[in-house]
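Chain by chain, the residues run as shown.
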Amino acid sequence: MPPMVAARKTHRPPGVDRGVRVEELSRYGESVGGVVCPPVRPWGDSTAFGEPGDRYQGPTWNDTSPPTIPWPKPIVSVTPEGRTRLKAFDQFVVKLHSRCNLACDYCYVYELQDTGWRERPRTMPEAVRERLLERIAEHVRQHRPSHVQVALHGGEPLLAGRDVIARFSAAARRVVAAAGAEAEIVLQTNGVLLDEPTLETLLRQGIRVGVSLDGDERSHDRHRRGPAGGRHRGSHARVTAGLARLTGPRYRHLFAGLLCVVDPAAGDAADVFDALVDHAPPAVDFLLPYGSWDHPAPGAGSGAYGRWLCAAFDRWWASGRPTRVRLFESIMAECQYGAGSSSEVIGTLPAAAVVVESDGSITWAGSLNAVADGAAQTGGTIFSHSFDAVLSLPGAPEHGVAALCRTCRECPLVTVCGAGLRAHRHGRGRGFANPSVYCRDLSLLIRHIQTRVKGS
């Protein structure tokens, strides 16, 4: 990817990844041009994924695609031991509606360890929405980013209704602009409610849309069923009908991409990839099911997920890379240049994202719902804490190689893998001081990509 920031050469503390911005050295807004989503270029073109030494962390939430605007590196502070902590957010994940119209059996909101959703309002109340925008503006004025991303999430955000979505999105752009930045609004949906009136609302508001689709009908309907009263009813037909409307000429430019949860038992990787590409997405992202050592997804750590992803990579590679695949491109960028990852599953930099629930609670990544009830909670709300105050809480996550367990620190793949998603490391009585429960799978995929790229 093109360089995002004009970096200053300076001494860095021991153990700090090259290219990470330290708070004292630089600030947001030092864009040098270019876009985050360039056309896919032949591997070997040094501008395709960044020059050697350029490391950045793009938006990593489930919008399935990096934004179409330049994105800076995260601001971090660094301890003498080389542990990094995030100092500012530029991605605000807004749980506009806390319920869903599907009953996916792997859902990290309703089906894992956390039960907090039961006590939250279905739709984010107006008072919460107003206070949230005040907090975002406060954070923007404090840190002066050039851009922020507001991701409408759920549950199923479209259940909030067209009027709520339109009013909140317009207000978000207005408030962020008044604070001195530009807001990109994205929405992640299961696709069932993508009818013409809804798409018209999204069009008027300029909201980019990511859709969750797990491949062909057999693979998708294995898990993505519902609503809750009809768990045996698949959703594939309804989702693809919504996708057909989204990908029509009038709305096509709103299509951000597809999000696919990997299940080696659900279908052949090549068939799943082909089914996704049939919709001509601008980007695809593959997710490993959320889980931990104490509560693993079926088959986690067996190598089955790694072999499936290797097969999907081979299909993508052999077919001429017809779409961007964030996980694969992130690994390629890390392997070739150490150029940084746009996926929270790969690399050692933190994702500059924060989640705000429908009741105003501020939480860390939703993947922590796989760890324990309340594990994602910061203890703060938008009424009691600013976003800066949340980042200063004792429980704020630490990142970087120095924050990992000894097994990971001594692994030759650590700067690429970064020990994977934080939630995937938890358990066995050691907290997060473990390799990923998907360690074997990630190792298989990274080594496979290294071999294929080197061989070509």
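Residues numbered from 1 in each chain as written. Predicted model: local features only at pLDDT ≥ 70, side-chain atom pairs only at ≥ 80, totals over all residues. Heavy atoms only, no water.

Student: Help me understand the sheet that holds strand β3 (residues 91-95) in this model?
Tutor: Backbone-to-backbone hydrogen bonds pair the strands of a sheet. The strands run either parallel or antiparallel. With mixed pairing, ten strands are arranged side by side in an open sheet as β9-β8-β7-β6-β5-β4-β3-β10-β11-β12. Bordering the open sheet on either side are β9 (324-325) and β12 (377-381), each of which pairs with just one other strand. Bridging between strand β7 (residues 255-261) and strand β8 (residues 283-287) involves four bridges; their strand directions are parallel. Residue pairing across strands places Cys 260 opposite Phe 286, the latter belonging to β8. (Pairing = 2+ DSSP bridges. Helix = DSSP H or I, 4+ residues; strand = E, 2+ residues; numbered from the N terminus.)

Student: Any chance you could explain the nonpolar core here in plain terms?
Tutor: Side chains of nonpolar character tend, in soluble globular proteins, to be buried together. Judged by nonpolar contacts, the single largest core of 108 residues is most densely connected at Leu 152, Leu 246, Phe 286, Phe 328 and Phe 387. Ranked by the residues each element gives to this core, the list is headed by helix α7 (residues 304-318), at eight residues. Sequence-distant contacts of Phe 286, that is, excluding residues within four places in its chain, are made with Cys 260, Val 262, Phe 273, Leu 276, Trp 308, Leu 309, Ala 312, Val 325, Leu 327 and Phe 328. Residues Leu 404, Cys 405, Cys 408 and Val 414 belong to the second largest nonpolar core, which totals six residues. (Core = buried A, V, L, I, M, F, W, Y, C linked by side-chain atoms within 4.5 Å. Buried < 20%, exposed > 50% of the residue type's maximum accessible area, 1.4 Å probe, protein only. Contact = heavy atoms within 4.5 Å.)

Student: Sorry, what's going on with the environment of His 426 here?
Tutor: Along the chain, His 426 falls in the loop between α11 (414-417) and α12 (439-455). Residue class for His 426 comes out buried when judged on its relative accessible area of 19%. When neighbours within four sequence positions are excluded, His 426 is seen to be in contact with Ser 292, Trp 293, Asp 294, Val 371, Gly 431, Phe 432 and Asn 434.

Student: I'm lost on the confidence of the model for the protein chain in this one. Help?
Tutor: Keep in mind that low pLDDT regions are not for reading the predicted coordinates in detail. Summary statistics for the protein chain give a mean pLDDT of 82 and a share of 81% for residues scoring 70 or more. The low-confidence segment residues 1-71 (pLDDT under 50) makes 233 contacts with residues lying over four places distant or belonging to another chain. (pLDDT = per-residue confidence, 0-100.)

Student: Would you take a moment to explain the packing of helix α2 (residues 162-179) against helix α3 (residues 196-205) for this structure?
Tutor: Axes are the key here: two packed helices are described by the angle between their axes and the distance separating the axes. Remark: α2 packs on α3, axes separated minimally by 10 Å, with the N-to-C direction vectors making an angle of 5°. Judged by the inter-axis angle, α2 sits roughly parallel to α3. Contacts from Arg 162, Ile 165, Ala 166, Ser 169, Ala 170 and Arg 173 in α2 reach Pro 197, Thr 198, Thr 201, Leu 202 and Gln 205 in α3. In the contact of α2 with α3, the residues fall into five nonpolar, four polar and two charged. (Axes fitted to C-alpha atoms, helices over the stretch in contact; angles between N-to-C directions. Parallel < 35°, antiparallel > 145°, perpendicular 65-115°, else oblique. Nonpolar A, V, L, I, M, F, W, Y, C, P; charged D, E, K, R; others polar.)

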